[in-house]
Amino acid sequence: MLNFLQKWVELEVTNDQERFFKSIAALEEAHIPYRQKGQHMNHGTRRAGRVGTLGENTRYSVLYQIFVKKEDLDKARYVIRGKLASETNP
């Protein structure tokens, strides 16, 4: 009934696929609802064609965005920060 009041806010933007998937996994483990969006940023999506992609690092060609409900933002930040910190400091 009050779906229109549930605002989605941007939690994270990254072009690192590994970080994106770790963040999504952390949100799923914590049962935090999220939305995601990916946007291709390479030249292959433009009129330049494939020749324009020479020398481009395709690993960073997608921009990933993660959105959570406004009321879950602080919890989501805490969960992701903890997940990423525990994986870098075993």
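Data block above holds the structure.
Residues numbered from 1 in each chain as written. Predicted model: local features only at pLDDT ≥ 70, side-chain atom pairs only at ≥ 80, totals over all residues. Heavy atoms only, no water.

Undergrad: Can you break down the nonpolar core residue by residue, with the values?
TA: Judged by nonpolar contacts, the single largest core of 15 residues is most densely connected at Leu 11, Leu 27, Ile 32, Ile 66, Val 68, Ala 76 and Ile 80. Those elements that place two or more of their residues in this core are helix H1 (17-29), strand S3 (62-69) and helix H2 (73-88). At five residues, the largest contribution of residues to this core is made by H2. In contact with Val 68, other than residues within four places in its own chain, are Lys 7, Trp 8, Val 9, Leu 11, Leu 27, Ile 32, Pro 33, Tyr 34, Leu 73 and Ala 76. (Core = buried A, V, L, I, M, F, W, Y, C linked by side-chain atoms within 4.5 Å. Buried < 20%, exposed > 50% of the residue type's maximum accessible area, 1.4 Å probe, protein only. Helix = DSSP H or I, 4+ residues; strand = E, 2+ residues; numbered from the N terminus. Contact = heavy atoms within 4.5 Å.)

Undergrad: Any details on the packing of aromatic side chains? Residues and values, ideally.
TA: The final tally for this structure, using the stated rule, is two aromatic pairs. The interplanar angle of 65° and the centroid separation of 5.2 Å between the aromatic rings of Phe 20 and Phe 21 together place this pair among those described as edge-to-face. Taking 4.4 Å as the distance between ring centres and 20° as the angle between the ring planes, the aromatic pair formed by Phe 20 and Tyr 64 counts as stacked. Here the residue Phe 20 occupies a position in helix H1, and Tyr 64 occupies one in strand S3, the gap between them amounting to 44 residues. For Phe 20, a relative accessible area of 5% translates into the label buried. What links up through ring pairs into an aromatic cluster is the set Phe 20, Phe 21 and Tyr 64. (Phe/Tyr/Trp six-rings, centres within 6.5 Å; stacked < 30°, edge-to-face > 60°.)

Undergrad: I'd like to hear about H1, residue by residue, with values.
TA: Taking 1.5 Å per residue, 13 residues should reach 18 Å; H1 reaches 18 Å between its end C-alpha atoms and fits that length. Along H1, the residues classified as buried are Phe 20, Ser 23, Ile 24, Ala 26 and Leu 27. Down the axis of H1, the smallest arc covering the buried residues is 160°, so these residues share one side. Backbone nitrogen of Glu 18 and a side-chain oxygen of the N-cap are separated by 3.1 Å at the start of H1; the cap is Asp 16. Backbone geometry just after H1 places His 31 at a positive phi near 60°. (Expected span 1.5 Å × (residues − 1). Arc of directions from axis to C-beta. Polar contact = N/O pair within 3.5 Å; in protein donor to acceptor, adjacent residues only side chain to side chain.)

Undergrad: Run through the sheet that holds strand S2 (residues 34-40), naming residues and quoting values.
TA: One open sheet holds the three strands; their spatial order is S1-S3-S2, and the pairing between them is antiparallel. The open sheet terminates on both sides in strands that have one partner only, identified here as strand S1 (8-14) and S2. Along the sheet, successive strands turn relative to each other by an average axial angle of 25°, direction set aside. Bridging between S1 and S3 involves six bridges; their strand directions are antiparallel. Bridging from a neighbouring strand, Val 13 pairs with Gln 65 of S3. The strands touched by H1 within the sheet are S1, S2 and S3, with S3 carrying the most contacts at an inclination of about 20°. (Pairing = 2+ DSSP bridges. Axes fitted to C-alpha atoms, helices over the stretch in contact; angles between N-to-C directions.)

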